[in-house]
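Inside the fold
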Amino acid sequence: MKDRIAQLLDEVQHAVPETKEQLEEFRLKFLSKKGLIPSLFADFRLVAAEQRKEMGMLLNTLKQTAEEKLKQLQERFEEEQKSTVQFDTSLPVLPETGGRHPISIVRREINSIFERVGFVIAEGPEIEDDFHNFTALNFPEEHPARDMQDTFFLRKSPDVALRTHTSSVQVRVMEQGKLPIRIIAPGRVFRNEAISARAHCIFHQVEGLYVDKDVSFADLKQTLYYFATEFFGPETRIRFRPSYFPFTEISAEMDVSCNICGGKGCNICKYSGWVEILGCGMVDPNVLEACGIDSSTYTGYAFGMGIERITMMKYQINDLRMFFENDMRFLRQFESFV
Ligand code: DAH
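This section reports on the structure supplied with the text. (Residues numbered from 1 in each chain as written. Predicted model: local features only at pLDDT ≥ 70, side-chain atom pairs only at ≥ 80, totals over all residues. Heavy atoms only, no water.)

What about the site of the ligand?
Taken together, 15 residues form the shell around the ligand, and within it His165, Ser167, Arg191, Gln205 and Glu207 come nearest. One nitrogen or oxygen atom from the side chain of serine 167 is found 3.0 Å from a nitrogen atom belonging to the ligand. Between glutamine 205 and the ligand, the recorded distance is 2.9 Å, taken from a side-chain N or O atom to an oxygen atom. Considered on its own, the ligand offers 360 Å² of accessible surface; in the complex 88% of this is hidden by protein. (Near = heavy atom within 4 Å. Polar contact = N/O pair within 3.5 Å; in protein donor to acceptor, adjacent residues only side chain to side chain. Areas by Shrake-Rupley, 256 points an atom, 1.4 Å probe, with all protein chains shown as cover.)

Looking at helix H1 (residues 2–14)
Taking 1.5 Å per residue as the helical rise, H1 with its 13 residues ought to reach 18 Å, and the 18 Å between its terminal C-alpha atoms agrees with that figure. Turning to H1, its buried residues number three or more, namely Ile5, Leu8 and Val12. Looking down the long axis of H1, one finds its buried residues gathered within 65° of arc, a one-sided arrangement. Turned more than 90 degrees from where H1 packs its buried face, Asp3 and His14 sit exposed. (Helix = DSSP H or I, 4+ residues; strand = E, 2+ residues; numbered from the N terminus. Expected span 1.5 Å × (residues − 1). Buried < 20%, exposed > 50% of the residue type's maximum accessible area, 1.4 Å probe, protein only. Arc of directions from axis to C-beta.)

Examining the sheet that holds strand E6 (residues 202–212)
The sheet built from 7 strands is open, its strands ordered E1-E5-E6-E10-E9-E8-E7 with mixed pairing. The open sheet has two edge strands with one neighbour each: strand E1 (120–121) and strand E7 (238–245). Relative to strand E10 (residues 299–306), strand E9 (residues 274–283) is paired through 5 bridges, and the arrangement is antiparallel. For cysteine 280, the partnering residue across the bridge sits in E10 and is phenylalanine 303. Against the sheet, helix H10 (residues 307–315) contacts E6, strand E8 (248–257), E9 and E10, and its axis sits at roughly 60° relative to E10. (Pairing = 2+ DSSP bridges. Contact = heavy atoms within 4.5 Å. Axes fitted to C-alpha atoms, helices over the stretch in contact; angles between N-to-C directions.)

Focus on the sheet that holds strand E2 (residues 127–129)
Taken in spatial order, the 3 strands line up as E2-E4-E3 in an open sheet, and their pairing is antiparallel. This sheet does not close on itself; its edge strands, each paired only once, are E2 and strand E3 (153–155). With strand direction ignored, the average angle separating the axes of adjacent strands in the sheet is 35°. Bridging between E3 and strand E4 (residues 160–162) involves 2 bridges; their strand directions are antiparallel. Note on E4: the bridge partner recorded for phenylalanine 153 is alanine 161.

Shown next as structure tokens:
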């Protein structure tokens, strides 16, 4: 009997059923009621008393080995069947295309509008020093924008901070001293503000700068009018209101006629018909000088606008937080844009 058990154990271990049918044959042969293993158990009665313990153990090992093998293979075949049902490699691939983020779509559109009239893209670091973010831009020592409440400082004295606006790129480009300059600088900026539907501590701006001989405010107006009509449509009107920025003299803010109501008044433009979209002005001579440009020969204009704001206007998005939440239901709506 011992030899018989050993022989069956060997057979069980070496059997390789490759299909469900073969596995069923394996079960019938070894484990079914009339199978080889149960019939050995039937013969067990005949075993001499002193051998029973040993034979019993061997028989149990044989039975367990066969049952174990059956169970494992059953599970494996079931798994394989499931996965072939779920994953048919012969099916054609579903077209799954990515889409651009609305902020990227608008940034690219702004870039392209200005590139068409000779502006080139410039970039600067997001981590800036005090000189490029404030001092060279004519911010007085005690100016509130330098305050801890607005600026994320990374280190104090000498100051290192996350840039609070893309105007710092103006300084970096002017410092290089290659004139004339006609750049547009899109990028991320950081301010220590509470997050709400209208404000975020991270947002995007585009800075524009043109420095040459005889640049005038009329040039600025015409360029911005061109931008507004390209971006919001040919019916768009613009208006300038006097303002103040440390780095421009004269300074202005520009409004566009509300693209939602066409200027008639709605809740987007707070029933005024106008929406402010940017700050601008003639580069202050102090800024030109701080960057090593002779302000008696050269003049320039600059402007800066928030990308979120005009994206919200263009696509009628009423909560700025949507841009940062990565909600696919929101992002999918922009899939077809390029
Ligand atoms: N840097 C200003 C801001 O962050 C925006 C700005 C206003 C930029 C006027 C300019 C400018 O270049 O001339 O609010």
